[in-house]
Amino acid sequence: GKHSIMEAPASGESSSKDIPVQSEAHVCSAATLASQGRVTAQIDGRFVTVLRHAGVLYCMDSTCYHMGGPLMRTGDIEDWGGHKCIVCPWHHYALDLATGEGIYEKSKGTFASKGVRQRTHRVYERDGDIFVQLRTDGKVHSDDYATREDVRNRGPFHTVQSSVRHSATPEIET
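Quick caveat, the model's predicted, so the values are computed rather than measured.

Across its full length, the protein holds three helices and 14 strands. Out of the 174 residues in the protein, the part that is buried amounts to 45%. Here the contacts in the protein between residues at least 6 apart in sequence split such that 56% fall between residues at least 24 apart. Element-wise, carbon and sulfur atoms account for 51% of the exposed surface of the protein, whose accessible area totals about 8,800 Å².

Structurally, the position occupied by E101 is in strand β9 (residues 101–107). Buried and unpaired, E101 has no salt bridge, with R117 as the nearest side chain of opposite charge at 8.7 Å. A distance of 2.9 Å separates a polar atom in the side chain of E101 from a polar atom in the side chain of T99. Among all residues touching E101, those that are not within four sequence positions of it are A94, L95, D96, S113, G115, V116 and R117.

Attention shifts here to the sheet that holds strand β12 (residues 129–133). Where strands meet in a sheet, backbone hydrogen bonds hold them as pairs that are either parallel or antiparallel. Judged by pairing direction, the sheet is antiparallel, and its three strands sit side by side in the order β2-β12-β11 without closing on themselves. Looking at the sheet topology across the chains shown, the edges are occupied by β2 (25–29) and β11 (122–126). Neighbour to neighbour, the strand axes of the sheet diverge by 30 degrees on average, direction disregarded. Across four bridges, β2 lies against β12 in antiparallel orientation. From the neighbouring strand, C28 faces β12, where its bridge partner is I130.

Before going further, it helps to examine the side chain of S62. As for its placement among the helices and strands, S62 is situated in the loop between β5 (56–61) and α2 (71–74). At 2.6 Å, the side chain of S62 and the side chain of T49 are in polar contact. Discounting chain neighbours no more than four positions away, the residues touching S62 are T40, F47, V48, T49, G69, P70, L71, M72 and Q118.

Rules of the game
Residues numbered from 1 in each chain as written. Predicted model: local features only at pLDDT ≥ 70, side-chain atom pairs only at ≥ 80, totals over all residues. Heavy atoms only, no water. Helix = DSSP H or I, 4+ residues; strand = E, 2+ residues; numbered from the N terminus. Buried < 20%, exposed > 50% of the residue type's maximum accessible area, 1.4 Å probe, protein only. Contact = heavy atoms within 4.5 Å. Areas by Shrake-Rupley, 256 points an atom, 1.4 Å probe, with all protein chains shown as cover. Lys, Arg positive; Asp, Glu negative; His and termini not counted. Salt bridge = Lys/Arg side-chain N within 4 Å of Asp/Glu carboxyl O. Polar contact = N/O pair within 3.5 Å; in protein donor to acceptor, adjacent residues only side chain to side chain. Pairing = 2+ DSSP bridges. Axes fitted to C-alpha atoms, helices over the stretch in contact; angles between N-to-C directions.

Here it is, written out as structure tokens:
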């Protein structure tokens, strides 16, 4: 059947006609995500965390770009001048969940972006399961920590590999 997908916009995504057919990784069931709140997976060597906030799925590199803090595992989600941000518990860096932009308060009540600092990934639900397609285009600050083995001790994760989905029915973007 047809599938409706809600997803966050890409960080640094080129136009869709330039993107080759990508492989996807099954991260967990939607029920598991609902019960756990956040699920961290090591996909093709990269640590990412999936969460659902206000009904929207987000996926971002798990580890904070700044100094390797447990951003996606334990960061609080806060509104920063209209941006839904996850805030790293170590140094209180705020990152827009949808774009990965670093958001800061420039002056009282005025917020600005430092540009993309944390890589976001495509995430969607299909038939009760959560899938991620890694984005690896360009260079993003969080790449430095995304595959480091020494951050494994920051909570549970499971390892999955991406594979190309073989199906006659393409996803329908909304």
